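# Summary of the model geometry
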Amino acid sequence: MSPMKVLILAEHDNATLKPATLHLVSAALQLGSDISILVAGQGCAAVADNASRIAGVSRVLLADNAVYQYQLAEALAPLVVQLASDAGAVLAAASTTGKNVLPRVAAALDVAQLSEILAIKDASTFVRPIYAGNVLATVQSLDAIKVATVRTSAFLPAPLATSGQAPIESVAIATAQDQSRFVSASHNVSARPELGAARVVVSGGRGLGSAENFKLLDPLADKLGAAIGASRAAVDAGYVSNDLQVGQTGKIVAPELYIAVGISGAIQHLAGMKDSKVIVAINKDPEAAIFQVADYGLVADLFQAVPELAKSL
Amino acid sequence: MKILVAVKRTLDAYVKVRIRQDHSGVDLTSAKMAMNPFCEIAVEEAVRLKEKGIATEIVVVSVGSDKVQEQLRGAMALGADRGIHVQAGDDLESLNVAKLLKAVVDKEQPGLILLGKQAIDSDNNQVGQMLAALAQLPQATFASKLEIAEGRATVSREVDGGEQVLSISLPAIVTTDLRLNEPRYAKLPDIMKAKKKPVDIFTPEQLGVTVKQHLKLVEVNDPPARKAGVKVASVAELVDKLRNEAKVIA
Ligand SMILES: Cc1cc2nc3c(=O)[nH]c(=O)nc-3n(C[C@H](O)[C@H](O)[C@H](O)COP(=O)(O)OP(=O)(O)OC[C@H]3O[C@@H](n4cnc5c(N)ncnc54)[C@H](O)[C@@H]3O)c2cc1C
Ligand SMILES: Nc1ncnc2c1ncn2[C@@H]1O[C@H](COP(=O)(O)O)[C@@H](O)[C@H]1O
């Protein structure tokens, strides 16, 4: 394997390391064998400890400082740029954090950034979706440092090391900035699994008709231990919150089972779910485009079919 | 305050994309083109800020072939005051676009720069962030709400798992998400008026930017097709298939 140095941005919230990081490590190992994980945040030592237990990781770089508390791009990008100077590649998850920070890093390094890579052909050639996933582009980077966000669902998670742990090195670099200040955050707390990581996703569309009706999906999701998702039309109509949107401009999911209820199957929605292993569609319109990608299509009134399905599980 | 809005000409969102037979790229010959939907939202936001008296002038800029002037005119019909066309190829890499926009920012000195969060052709989601790096300005990406007061912008951002609110100093880069606003349609008299609004044209040389290649498109392919599924006649049959054929439920 090439000795290329790869720098990974850990995906975390200061308290826990997100599973996306495990997927990033396995993508990184396709590029090189010298893997550093950067954990930048505040009070995030436990995250660094978790990161150091992933198999294949050479070292964890811990930048624990108030300036990194919210991982603001203005603070984080200069740090990553400095740490990337001897790296052959810099990877982050194609999460809202990765997408926010990595292009800023790439431009500061005067290199291109590849978005949402799905496959690695060789150390400089990547496959990524364009046109809402309707086209796959194979792109070669001519830059010395490859900077890419990774569609984590396209890479298997790296296992945890069976013994031992990578060294954790503290990184002291921190520059205060006042261009950007954190004001507040609201997190939609849910007892359900995270949309991006769930084994089963039940998504609802405009066909549900109202926020009240959308709750019809709860018993079904409960039975399946599923995350809940939605089409843009359902989000725009206020049935559920923004962060549940699946599609080109929302979340990309690839669960074992995706159940689309009252969703017509616009290309922008398909972009977010068509790599699911098994797709079920419930729609009263037999011509709905969603049936063209569904493994199992049920032409039915959702108001009857969904409760019946929940009951029979 | 002057607002600069960057708009991209892209394939219409509702048109089916075709790849060239030799897999060298996407076939756009005689395809229906439009302003990138996220850029429409950026233009709309600028117009609303002008209507509120916060913006005094809206300058719209696009980088590409002469055809991008259609999108500049479209933005001017919606309320932009003048246009800047930077002449370049239509598939210029993001970093080059960002460098050209940086030169325009230096020239125009806007108080706020609005871009779409993502172009729906390349799905890159990066020009705004790159421009922010080059111009050393703060950035608020994926904006769903924008308020300007006392030299700062307060921006709500759509992030994984919820919403984040930032306060950034001006000038700043803001990229738009879908729910920032609902763009209006241009009225016929405004479309006529837009034809008379000024458009300045620059080459990369005139802006002092050397375009450099960082990426090589090797080939494009259709994504793997899903094999045709079946229709089931009842909920009972669906459950049976999921349990015994797909084996995805217990
Ligand atoms: C730039 C851009 C980005 C976009 N990004 C996204 C994105 O990320 N995600 C996304 O989802 N969309 C996105 N869209 C929007 C997309 O084009 C569609 O408008 C949207 O997906 C439609 O949502 P829907 O299927 O819920 O609604 P509709 O298309 O209105 O479909 C509703 C469906 O429900 C069915 N139905 C109604 N009543 C019942 C019933 N009682 N029983 C059973 N079925 C019923 C109908 O037959 C219909 O098929 C984007 C669009 C643009 C332009
Ligand atoms: N050629 C271009 N000309 C003007 N603006 C552009 C161009 N390309 C991208 N942009 C802007 O950058 C945003 C994000 O594009 P991208 O990073 O390519 O996904 C777009 O919505 C535009 O606002």
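Residues numbered from 1 in each chain as written. Chains lettered and ligands numbered in written order. Predicted model: local features only at pLDDT ≥ 70, side-chain atom pairs only at ≥ 80, totals over all residues. Heavy atoms only, no water.

## Describing the site of ligand 1
Note the following rule: The near set for a molecule or strand comprises every residue that places at least one heavy atom within 4 Å of it. Think of a polar contact as two N or O atoms within 3.5 Å of one another; within protein, one of them needs to be a possible hydrogen donor and the other a possible acceptor, and neighboring residues in sequence only count if both atoms come from side chains. All accessibility values rest on the Shrake-Rupley procedure with a 1.4 Å probe; residue burial counts only the protein chains present in the view. For the purposes of this entry, the term helix denotes a DSSP run of H or I that reaches at least four residues, the term strand denotes a run of E that reaches at least two, and both are numbered from the N terminus. Residue polarity follows a fixed list, in which Ala, Val, Leu, Ile, Met, Phe, Trp, Tyr, Cys and Pro are nonpolar, Asp, Glu, Lys and Arg are charged, and the others, Gly among them, are polar.
Residues in close proximity to ligand 1 total 29 residues, the closest being Arg206(A), Ser231(A), Thr249(A), Ser264(A) and Asn283(A). Site remark: ligand 1 is flanked by residues from chains A and B. Here a nitrogen atom of ligand 1 sits 2.8 Å away from a polar atom, N or O, in the main chain of Val246(A). One of the backbone N or O atoms of Leu302(A) is found 2.9 Å from a nitrogen atom in ligand 1. Coverage of ligand 1 by the protein chains reaches 86% of its 990 Å² of free accessible surface. Among the secondary structure elements, those contributing two or more residues to the shell around ligand 1 are helix H7 (232-236), helix H8 (267-270) and helix H9 (302-311) of chain A. Looking at the shell around ligand 1, its residues break down into 11 nonpolar, 13 polar and 5 charged.

## As for the site of ligand 2
Residue and element names in this part refer to chain B. Taken together, 18 residues are adjacent to ligand 2, and Ala6, Ala119, Asn125, Gln126 and Val127 come closest. Asn125 places a polar main-chain atom, nitrogen or oxygen, 2.8 Å from an oxygen atom of ligand 2. Gln126 places a main-chain nitrogen or oxygen 2.7 Å from an oxygen atom of ligand 2. Expressed as a share of its isolated accessible area of 480 Å², the protein-covered part of ligand 2 is 97%. Elements that contribute at least two residues to the shell around ligand 2 include exactly strand S4 (57-64) and strand S6 (112-116). For the shell around ligand 2, the class distribution of residues is 9 nonpolar, 8 polar and 1 charged.

## Observations concerning helix H3 (residues 94-108) of chain B
In plain terms, the rule: Given a helix with a known number of residues, its expected span is that number minus one, times 1.5 Å. Residue burial is assigned from relative accessible area. The probe radius is 1.4 Å, only protein chains are included, and a residue is buried under 20% of its type maximum, exposed over 50%, and partly exposed in between. Only heavy atoms enter the contact rule, under which two residues are in contact if any of them lie within 4.5 Å.
Here H3(B) contains 15 residues, and its C-alpha end-to-end distance of 20 Å stays within 8% of the 21 Å for a straight helix at 1.5 Å per residue. For H3(B), the set of buried residues is Ser94(B), Leu95(B), Asn96(B), Val97(B), Ala98(B), Lys99(B), Leu100(B), Leu101(B), Ala103(B), Val104(B), Val105(B) and Glu108(B). In this structure, the buried residues of H3(B) make contact with helix H4 (96-108) of chain A together with strand S1 (2-6), S4, strand S5 (82-87), S6 and helix H4 (127-135) of chain B. Looking one or two places after H3(B), you find Gln109(B), whose phi comes out positive at around 50°.

## Some remarks on the environment of Leu242(B)
Within the element layout of this structure, Leu242(B) appears in helix H6 (residues 235-245). Excluding residues that lie within four positions of it along the chain, Leu242(B) makes contacts with Leu257(A), Val278(A), Val280(A), Tyr296(A), Lys247(B), Val248(B) and Ile249(B).

## Re the interface of chain B and chain A
Put simply, the rule reads: Using a 1.4 Å probe, buried area is obtained as the accessible area two parts lose upon being combined, added over both of them. Basic side-chain nitrogens of Lys or Arg form a salt bridge, by our definition, when they fall within 4 Å of a carboxyl oxygen of Asp or Glu. When DSSP finds two or more bridges between a pair of strands, those strands are recorded as paired.
Counting from both sides, the interface comprises 77 residues of chain B and, opposite them, 83 residues of chain A. Roughly 6,600 Å² is buried in total at the junction of chain B and chain A, and carbon and sulfur atoms are behind 53% of that figure. At the surface where chain B touches chain A, the tally comes to 3 salt bridges. Salt-bridge contacts for Lys99(B) lead to Asp110(A); the nearest nitrogen and oxygen are separated by 2.7 Å. Where strand S11 (residues 180-187) of chain A lies against strand S9 (residues 162-169) of chain B, 7 bridges are found, and the strand directions are antiparallel. Counterpart to His187(A) in the pairing with S9(B) is Gly162(B).

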